[in-house]
Amino acid sequence: MVRMLFAGSPNLFVARHCVRTQLNRAYVRHFSNPQKYDGLVLGAYTDHSKVTLAGTRGVSDATQSSLLQQLEVSNFKKAGDVRVLYNLGGVQQVAVVSLGEQPKSPSEAVQLEAARRATSLGIHALKKQGVKNVGVDVSVSPQGAAEGAVLAQFSFDKLKNAKDRSPEIQVGPFGEASTEWEHGEIYGTSQNLARMLMTTPGNLMTPKLFSEEVAYLLAGLENTEVIVRDEEWAARQKMNAFMAVAKGSKEPLRFLEIHYRGADEGKKPHGLVGKGVTFDSGGISIKPSNNMALMKGDMGGAATVVGALYGISKLALPVNVVACVPLCENMPDGGATKPGDVVRGMNGKSIEVVDTDAEGRLILADALYYLSSKFEPKSLIDLATLTGAMDVALGNVFAGVFTNSDVMWQQLESAGKQVSDPFWRMPLHDGYLKEMKESQVADLNNLGKGRSGGACSAAAFLKEFVAEQAEAWAHIDIAGVMDSQGTDGYHIKGMSGRPTRSLIEYLKQAV
Ligand code: BES
Ligand code: ZN
Ligand code: ZN
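Residues numbered from 1 in each chain as written. Chains lettered and ligands numbered in written order. Predicted model: local features only at pLDDT ≥ 70, side-chain atom pairs only at ≥ 80, totals over all residues. Heavy atoms only, no water.

## Concerning the UniProt feature "domain: Peptidase M17 leucyl aminopeptidase N-terminal" (unreviewed entry) in the protein
Piece 1. Mapped onto the present numbering, the UniProt feature "domain: Peptidase M17 leucyl aminopeptidase N-terminal" (unreviewed entry) falls at residues 41-163.
Piece 2. Along residues 41-163 the backbone is 36% helical and 25% strand, and the end-to-end C-alpha distance reaches 27 Å. (UniProt positions renumbered as here; feature names shortened; annotations may be inferred. Helix = DSSP H or I, 4+ residues; strand = E, 2+ residues; numbered from the N terminus.)

Given below as structure tokens:
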């Protein structure tokens, strides 16, 4: 269900991208007959010099032995090695991917990752060679294989000339379709949805267009309600910190409130908040021009929250979730907030805006206070591309978690490990707040002193706006994992959509 305060149909131009990210496709196909494929992805273990197929179901003895013979003469060894063989057992092209040595007693997380990575490598190889219908070996992990297959298919070429777009392919499990395969598809599709939202250029993903897109994507899902709020509403709520950022842009702000009701009404919800700055120019404290284009991804928190909601709703997880997404642009104009201006956030604390480029914490301050005081969440997570300092500290392997709860840290760490989208714990400490309390004119500054510990002072600032009604809170700084320089298996060059799968896994485990 959608409650839109605004008339107008969903933006069809943007909506069409969803089709490209496989959102609306039924792709679970049961191929009993390998002849139906023109391509297969098979996994193989390479122990020392011996090659063994991970799964042999549906592969005849003769085909196996011819396949192994070919591999043995092609120096097929290292994990990640891919060989494409032709006209084998009635299939035109077979991509065999090395899984490396067979582990003795692998955990589920190890199996998931092996399948995820190998499948994506196989799909990339076959796609390059014009294959249209791919069957995927699911013997190591059907969920991992489906995730890898869906993530590897992501493309964003709708804005290119038709002849330069990458062709669509069909992918299904080689063997039985299963719930695990379907779940893997949902995990992968949710992350692709976040990637699509982050990759879409800022002019096509303004706060207004983002809201319309989300309404379009989530509206039809079970137990899901999307409420879209405007400036007047934000003013009535006294969200002055949020409005102080939005007012430098001609594009009006939006505030999304999304409810997913998968459990009894009386059960406390989990809260999610996502930073939704659809473009961050820095405002009056304007950013240098090199790489500024990347700041279309400054709504990565919002995108991953929306992706996760899509996933939990599709999986029908037995939880209640409420998500809040403040959306605006951070721009310099005659009406923009100036360095030195003071605003009073919704919780009554005054903030001196020393640097208008530290805008994320301002919009999150009001969203965190609104959600924590109004919905009294059992757990509350905010996600934000908040500081360049986070990227300096952890790069793009781990996202940084700052939390006041050891239990929540353990749950997040375990969720991240399970889906190989990992977290590293960072310090949440009042020591970092000290320098933000030294304003001459307000309760708080929005900036620490110098660049040291920038991610930690931002987290300490946010804590001042989490109402005590929230039982536990975690802030996840995703600036480092926002994007990637190159493609590596199922990780793609460009906007990552991370950590959507970890969020879904957290809510699956935290029920
Ligand atoms: N959106 C940026 C942070 C960012 C940087 C995200 C790189 C992704 C990649 C944020 O609003 C920002 O500008 N932060 C400033 C904070 C500083 C002014 C305290 C920063 O990190 O430089
Ligand atoms: Zn900024
Ligand atoms: Zn920003």
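## Considerations on the sheet that holds strand 18 (residues 444-445)
Piece 1. Strand order in the open sheet formed by three strands is 13-14-18, and the pairing between neighbours is mixed. The open sheet is flanked by strand 13 (341-344) and strand 18, the only strands paired with a single partner.
Piece 2. Note that strand 14 (residues 350-353) and strand 18 share two bridges and pair parallel. Bridge pairing links I351 to L444 in strand 18. (Pairing = 2+ DSSP bridges.)

## A look at the packing of aromatic side chains
Piece 1. Evaluation of the coordinates by the stated rule reveals eight aromatic pairs.
Piece 2. Residues W233 and Y370 carry aromatic rings whose centres are separated by 5.3 Å and whose planes lie at 85° to one another, so their mutual orientation is edge-to-face. Of this pair, W233 sits in helix 7 (residues 231-236) while Y370 sits in helix 10 (residues 360-375), and the two are 137 residues apart along the sequence. The exposure classification of W233 matches that of Y370, with both residues buried. (Phe/Tyr/Trp six-rings, centres within 6.5 Å; stacked < 30°, edge-to-face > 60°. Buried < 20%, exposed > 50% of the residue type's maximum accessible area, 1.4 Å probe, protein only.)

## Brief notes about unusual backbone geometry
Piece 1. The linkage connecting R498 with the following residue, P499, adopts the cis geometry, with an omega of 0°.
Piece 2. Assignment of secondary structure puts P499 in the loop between strand 21 (494-495) and helix 14 (500-509).
Piece 3. Located in the positive-phi region is N75, a residue other than glycine, with phi close to 55°.
Piece 4. You can see N75 is positioned in the loop between helix 2 (61-72) and strand 4 (82-88).
Piece 5. Of note, A316 is a non-glycine position whose phi angle comes to about 50°, a positive value.
Piece 6. Mapping A316 onto the fold places it in the loop between helix 9 (300-314) and strand 12 (320-330).

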